[in-house]
Amino acid sequence: LRWRLGQRAGVSTTSVHAYIVGEHGDTEFPLWSKATIGTVPILEWESEGHPRMTTDELDAIAVDVRDAAYKVIQGKGATNYAIGLSSARIVEAILGDEHAVMPVSTVLHDFHGIDGVALSVPSVVSASGAKPIRETPFSASELGLLRRSADALRQVADSLR
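Now for a look at the structure at hand. Not measured: the values here are computed from a predicted model.

In this section: the overall build of the chain. Counting secondary structure elements, the chain contains four helices and eight strands. Against the 2.2 N^0.38 benchmark of 15 Å for 161 residues, the chain shows a C-alpha radius of gyration of 16 Å, consistent with a compact globule. The principal-axis extent of the C-alpha atoms belonging to the chain is close to 55 × 40 × 35 Å. Going through the 161 residues of the chain one by one, you find that 32% of them count as buried. Considering only intrachain contacts with a sequence separation of at least 6, the fraction spanning at least 24 residues in the chain is 51%. Accessible area of the chain: about 9,500 Å², with a carbon and sulfur share of 58%. The chain carries 15 positive and 20 negative side-chain charges, and their two centres are separated by 2 Å.

Below, the structure written as structure tokens:
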């Protein structure tokens, strides 16, 4: 996501601050209401040769990012390298007691009214584990998407019982 947005905006990936939240799959979604390039909200960013992005364009980028795994699986059979890189980064944050903010899955307890489901949300990752950032604001539509993602996981879990 950050790579695609940086490419589109004409800036370094490290200057893009955006998170994918929810379950890792078809109901994941970007937290657009908090996405920025530097300090500029994503929908307000523009620079020479890089006009403002539209919500339709951001939605298309989100779909491409979500569906990228399917393309990788179709081409090589698995997404193991991306999972390995992500896991290594999380372990690095734990071993280094970094208190790094990153989207990771933990079982949520009264996180915006969601209980007992592991969803990826912005969390502080350190030697003491991952602690969801309860103060993370969601727009009304994003909160609906987060609840939809939780419901999807609950349905899968219920089907296995």
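Take the sheet that holds strand β4 (residues 36-37) next. Spatial ordering of the open sheet is given by β1-β4-β5, a layout of three strands whose pairing is antiparallel. The sheet is open, and its two edges are formed by β1 (16-17) and β5 (40-41), each paired on a single side. As defined by bridge partners, β4 adjoins β5 across two bridges and the pair is classed as antiparallel. Paired with Thr36 across the two strands is Pro41, which belongs to β5.

Right, let's talk about helix α1 (residues 2-9) for a bit. Turning to α1, its buried residues number three or more, namely Leu5, Gly6, Arg8 and Ala9. The arc that holds every buried residue of α1, seen down its axis, measures 165 degrees, which confines them to one face. Just downstream of α1 lies Gly10, where phi reads positive at about 75 degrees.

Before going further, it helps to examine the nonpolar core. Judged by nonpolar contacts, the single largest core of 15 residues is most densely connected at Leu1, Leu5, Trp32, Ile37, Ile42 and Met53. When residues of this core are traced back to their parent elements, those giving at least two are α1 and α2 (55-76). A per-element tally of this core places α2 first, with four residues. Phe111, Ile114, Leu119 and Leu143 belong to the second-largest nonpolar core, a separate cluster that totals 13 residues.

Conventions and cut-offs
- Residues numbered from 1 in each chain as written.
- Predicted model: local features only at pLDDT ≥ 70, side-chain atom pairs only at ≥ 80, totals over all residues.
- Heavy atoms only, no water.
- Helix = DSSP H or I, 4+ residues; strand = E, 2+ residues; numbered from the N terminus.
- Rg over C-alpha atoms; globule rule 2.2 N^0.38 Å.
- Buried < 20%, exposed > 50% of the residue type's maximum accessible area, 1.4 Å probe, protein only.
- Contact = heavy atoms within 4.5 Å.
- Areas by Shrake-Rupley, 256 points an atom, 1.4 Å probe, with all protein chains shown as cover.
- Lys, Arg positive; Asp, Glu negative; His and termini not counted.
- Charge placed at Lys NZ, Arg CZ, Asp CG, Glu CD.
- Pairing = 2+ DSSP bridges.
- Arc of directions from axis to C-beta.
- Core = buried A, V, L, I, M, F, W, Y, C linked by side-chain atoms within 4.5 Å.

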